[in-house]
Amino acid sequence: AAGGTGPALLPPALRLGRADRGGPLIDIETVYAYLPVAVQNAACSLQGLRIERDRFGPDFRRRLREAETRQAWSAEQMVAHRDSRLHAFVQHAAATVPYYRRLFRDAGIDAGSIRSLQDLGQLPILTKQIVQDRPDDFLSETVSRQDLVPAHTSGTTGGGLVFRTTRAAVREQFAVWWRYFRRHGLERRTWCAYFGGRSIVPLGQLLAPFWRMNRPGRQILFSGYHLSPATAAHYVAELRARQPPWIHGYPSLIALLASYVLEQRTDLGYTPRWITTGAENLMPHQADTIAKAFGTRPVQHYGMAEAVANISQCPRGGLHLDEDFAAVEFVPNPGGQGHRIIGTNFTNTATPLLRYEVGDLAEPRREPCPCGLPGRLVASIDGRLEDYVVLRNGARLGRMDHIFKDAVNVREAQIVQGAPGKITVRLVRREGFGSEDADRLQREFRKRVGELAEVRFDYVESLPRSPNGKLRFVVSEPA
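Residues numbered from 1 in each chain as written. Predicted model: local features only at pLDDT ≥ 70, side-chain atom pairs only at ≥ 80, totals over all residues. Heavy atoms only, no water.

Draft legend 1. The arrangement of the pattern of salt bridges in detail. What the rule picks out here adds up to 30 salt bridges. Note that Arg 62 and Asp 59 form a salt bridge whose closest N and O atoms lie 3.9 Å from each other. On the basis of relative accessibility, which here comes to 35%, the residue Arg 62 falls in the partly exposed class. Relative accessible area serves as the criterion here: at 18%, Asp 59 is assigned to the buried category. When the shortest N-O distance is used, the salt bridge between Lys 422 and Glu 454 registers 3.3 Å. (Salt bridge = Lys/Arg side-chain N within 4 Å of Asp/Glu carboxyl O. Buried < 20%, exposed > 50% of the residue type's maximum accessible area, 1.4 Å probe, protein only.)

Draft legend 2. Summary view of helix α11 (residues 435–449). Its 15 residues place the ends of α11 21 Å apart at the C-alpha level, agreeing with the 21 Å of an ideal helix rising 1.5 Å per residue. One or two positions beyond α11, positive phi appears at Gly 450, with a value near 55 degrees. (Helix = DSSP H or I, 4+ residues; strand = E, 2+ residues; numbered from the N terminus. Expected span 1.5 Å × (residues − 1).)

Draft legend 3. Broad picture of the sheet that holds strand β19 (residues 410–419). Strand order across the open sheet formed by four strands is β21-β20-β19-β22, with mixed pairing between neighbours. In this open sheet, the two strands that pair with only one neighbour each are β21 (454–459) and β22 (474–476). For this sheet the average axis-to-axis angle between neighbouring strands, irrespective of direction, equals 25 degrees. Sheet topology note: the strand β20 (residues 422–429)/β21 ladder contains six bridges and is parallel. Looking at β21, one finds that Arg 426 is bridged to Asp 458. (Pairing = 2+ DSSP bridges. Axes fitted to C-alpha atoms, helices over the stretch in contact; angles between N-to-C directions.)

Draft legend 4. Structural context of the nonpolar core. If you look at the biggest cluster of nonpolar residues, it comprises 45 residues, and the most contacted ones within it are Tyr 100 and Phe 104. Elements with a contribution of two residues or more to this core: α4 (75–96), α5 (98–107), β12 (319–321), β13 (327–332), β15 (356–365) and β16 (377–384). No other element matches the five residues that α4 contributes to this core. Leave out the neighbours within four places in its chain, and Tyr 100 touches Ala 93, Ala 94, Leu 126, Phe 138, Pro 352, Leu 353 and Leu 354. The next biggest cluster of nonpolar side chains, apart from the first, holds 29 residues, and it includes Val 236, Ala 255, Ile 290 and Ala 293. (Core = buried A, V, L, I, M, F, W, Y, C linked by side-chain atoms within 4.5 Å. Contact = heavy atoms within 4.5 Å.)

Draft legend 5. Quick peek at the environment of Ser 380. Assignment of secondary structure puts Ser 380 in strand β16. Taking relative accessible area as the criterion, Ser 380 reaches 18% and is therefore assigned buried. In sequence terms Ser 380 and Leu 319 are 61 residues apart; their C-alpha atoms lie 7.5 Å from each other. In contact with Ser 380, other than residues within four places in its own chain, are Leu 319, Ala 362 and Glu 363.

Draft legend 6. Just the pairing of β19, in detail. Across the ten residues that make up β19, a large majority, eight, are buried. The pairing of β19 with β20 spans eight bridges and is classified as antiparallel. Across the sheet, residue Gln 414 finds its bridge partner in β20, namely Arg 426. Taken together, β19 and the strand that follows it, β20, pair antiparallel across an intervening segment of two residues, in which Gly 421 is found at a positive phi of about 85 degrees.

Draft legend 7. Main features of the side chain of Arg 430. Assignment of secondary structure puts Arg 430 in the loop between β20 and α11. Here Arg 430 sits buried without a salt bridge, and the closest side chain of opposite charge, Glu 263, lies 4.6 Å off (N-O distance). (Lys, Arg positive; Asp, Glu negative; His and termini not counted.)

Draft legend 8. Structural detail: the packing of helix α8 (residues 232–242) against helix α9 (residues 251–263). Where α8 meets α9, the closest approach of the two axes is 10 Å, and the angle between their N-to-C directions is 95 degrees. Here α8 is positioned roughly perpendicular relative to α9, judged by the angle of their axes. On α9, the residues that touch Ala 232, Tyr 235, Val 236 and Leu 239 of α8 are Leu 257, Tyr 260 and Val 261. When its residues are assigned to classes, the contact of α8 with α9 shows seven nonpolar, no polar and no charged. (Parallel < 35°, antiparallel > 145°, perpendicular 65-115°, else oblique. Nonpolar A, V, L, I, M, F, W, Y, C, P; charged D, E, K, R; others polar.)

Draft legend 9. Inspection of helix α7 (residues 167–183) at higher detail. Taking 1.5 Å as the rise per residue, α7 with 17 residues should run 24 Å; its terminal C-alpha atoms sit 24 Å apart, in good agreement. Positive backbone phi, approximately 95 degrees, marks Gly 185, located one or two places after α7.

Draft legend 10. Representation of the side chain of Asp 324 within the structure. Tracing the backbone shows Asp 324 in the loop between β12 and β13. Within polar-contact distance, the side chain of Asp 324 engages the side chain of Arg 70 at 2.7 Å. Excluding residues within four positions of it along the chain, Asp 324 makes contact with Arg 70, Met 78, His 81, Arg 85, Glu 172, Arg 179 and Phe 346. (Polar contact = N/O pair within 3.5 Å; in protein donor to acceptor, adjacent residues only side chain to side chain.)

Draft legend 11. Region of interest: the packing of aromatic side chains. Applying the stated rule across the entire model yields 21 aromatic pairs. Taken together through their ring pairs, the aromatic side chains of Phe 404, Phe 433, Phe 445, Phe 457, Tyr 459 and Phe 473 make up a single cluster. Positioned over the ring face of Phe 56 is Arg 188, at 3.7 Å from the centre of the ring. Seen from the ring of Tyr 459, Arg 429 lies directly overhead, with NZ or CZ sitting 4.1 Å from the centre. (Phe/Tyr/Trp six-rings, centres within 6.5 Å; stacked < 30°, edge-to-face > 60°. Lys NZ or Arg CZ within 6 Å of the ring centre and 35° of its normal.)

What follows is the structure, encoded as structure tokens:
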């Protein structure tokens, strides 16, 4: 998962048994749900121990040292390094991967001619659907089966992608992620309160504790599915008792807890030194709410399981492309706003993805960052292609989150589009929300959509989240 520190605990698809021999199938999550809390804690710790071994194995420290050394390179050195890896990787893909062998042959492209980011334009853009339809076609024939490990995407806006990677690729990815954390002063053995989307607390559980422990990973794993006005005090009490210096997770969940803290006029009793977010786009109004409630402004990171792009925020606030990790292109969006993120994952030799369409949008930044790190900069990560509303005239409008920047009496919001020009805004109100707040929001929407969209409010108790616990800010639904 993007964000980097959340263990993939008890994946729902994992089953035990020998169905091919008529043996019973046992769903691990079903068994886990019936275990006593103490045994569930032990299970989380056992899984955490396995993850520690896989992600931070023998060569992790070396990879981290190398990644941190590259921070001091000039921009020219970094580009040369990126293009050298890209050149070798494309040739590996063309020689050992069935899909690319056919692609290069049928298109008459010499893989050796692709030596830089600019040369990648000879290849077509790859979609997730193509990889989903023929996963075996993308598996390298030369990577040892003993080196393969399964990986998957969360599938927030559709079916997830299941593919293979290697242990070396996983450790390189986490080395780059920990380079980012260490820039902010974090160290690997720091205790972390983690707010993610895994079902580590059975959904039917009605009483605290709404968290479990991963002791090897030094994580307090808080359930995102049980957080509500009635349970928020339990979350706050646990944080106050343990005082973990680091809070990490989905920005929507951390912001939701922050809104409860503000609404209930309480506090954590301490100030976390670090708050980091991943897996979702951190919106300005969420960052403001988190900073107001906890006294620490969150920093963000952008990455994904496919490892085709990585963007890390520096201590000066700049969003830096990790050029040594993947070859990233910013392709103008036909809708007129933002640039599509197109990436090539030159760390995963098992499943090469060349010019892969991530489905996210970003806005490149031209002015340099005073921190001096090499590589290109991003002004903003604008969310997914789907996070645009369509007006009556067909125009697409993004970055709608700014509307809620000063909406202090709105706990959460979600925009639902049923048809062009028709917008429903689902609002979870805080105590104190009144007609003035509604009028102010209508005015903010009107400034942006004019008469090209009808906007109505739907007041709800909570917002629906995806099966992996993520919150979509813009949802398209049939009219």
